[in-house]
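Read off the chains here:
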Amino acid sequence: MQPSAAWLLRAAGGVRFAVAPHQMVGYEIGPRCQPVPLAQAHCQHLVFWRESLVPTFDLARLFTAGAEASRSALGILAFQSRAREPLDYLGVWLEAAPGKIVVTDEQACELPSTWCEAPLAELALACFSHADTPVPVLNVGQLARKLS
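All chains use their own residue numbering, which begins from 1 and follows the written sequence. Predicted model: local features are reported for residues with pLDDT of at least 70 only, side-chain atom pairs are reported and counted for 80 or more only, and whole-chain, interface and lining totals are derived from all residues. With hydrogens and water stripped out, all remaining heavy atoms of the structure feed into the side-chain values.

Counting from the N terminus, the helices are the DSSP runs of H or I reaching at least four residues and the strands are the DSSP runs of E reaching at least two. By the element assignment, S129 lies in strand β10 (residues 124-130). It is 6.3 Å that separates the C-alpha atoms of S129 and A108, two residues lying 21 residues apart in sequence. Pairs of residues are marked as contacts when any of their non-hydrogen atoms sit within 4.5 Å. For S129, the residues in contact, after removing those within four places along its chain, are Q107, C109 and P134.

Laid out in structure tokens, this is it:
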């Protein structure tokens, strides 16, 4: 197979993951966010982005106890709930700017142990090794379902 491009992202607590190039549609530094009362710990804010309110996720809170994102930078990800529907968006708090990488089939590997526990395993579509570290490919649509 041909090499594929991906965005390499890093959330708080050392949580690394990747998304497809078409899913990474924005990177905001210092976004305006509003708290959502009584929301779950991993999705407590909305941000105003391109005239829309976008829910945000703190992946570190899902994967590591006690870790919390700084809320200083946000990756905006696009997804479709169903075929032929308009795009939806969600934000993921990031600790570093996204980096574009190239991935080959030879880099395929097992999920890191933190991603293997239910219900987190459903958040990964695949996994590859980059710089000797496993990097799960985030299932953005499945992450969005965690809002409900």
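After presenting the structure, the write-up continues.
Nine residue types can take part in a nonpolar core, namely buried Ala, Val, Leu, Ile, Met, Phe, Trp, Tyr and Cys, and a core is a set of them joined through side-chain atoms within 4.5 Å. Relative accessibility under 20% of the residue-type maximum defines a buried residue, over 50% an exposed one, and the middle range a partly exposed one, all with a 1.4 Å probe and only protein chains included. Ranked by internal contacts, the top residues of the largest apolar core, which has 23 residues, are F17, L77, L90 and L138. Within the residue set of this core, elements represented by two or more residues are β2 (16-19), α1 (59-63), β7 (73-79), β8 (88-94) and α3 (140-145). Not counting residues within four places of it along the chain, the set of residues in contact with L90 comprises V54, P55, F57, G75, I76, L77, F79, V140, L143 and A144. By size, the runner-up hydrophobic cluster in this structure holds nine residues, among which are A12, W49, L74 and I76.

Bringing the sheet that holds β7 into the picture now. A pair of strands is considered paired only if DSSP assigns at least 2 bridges between the two. Pairing is mixed across the open sheet formed by six strands, whose spatial order is β3-β7-β8-β6-β5-β4. Strands at the two margins of the open sheet, each flanked by one partner only, are β3 (24-29) and β4 (33-35). Neighbour to neighbour, the strand axes of the sheet diverge by 30° on average, direction disregarded. Pairing of strand β5 (residues 45-49) with strand β6 (residues 52-57), which is carried by four bridges, proceeds in the antiparallel orientation. The residue bridging V47 from the neighbouring strand is V54, located in β6. Angular values range over 0 to 180 degrees, each being the angle between N-to-C directions of two axes fitted as lines to C-alpha atoms, with helices fitted over their stretch in contact.

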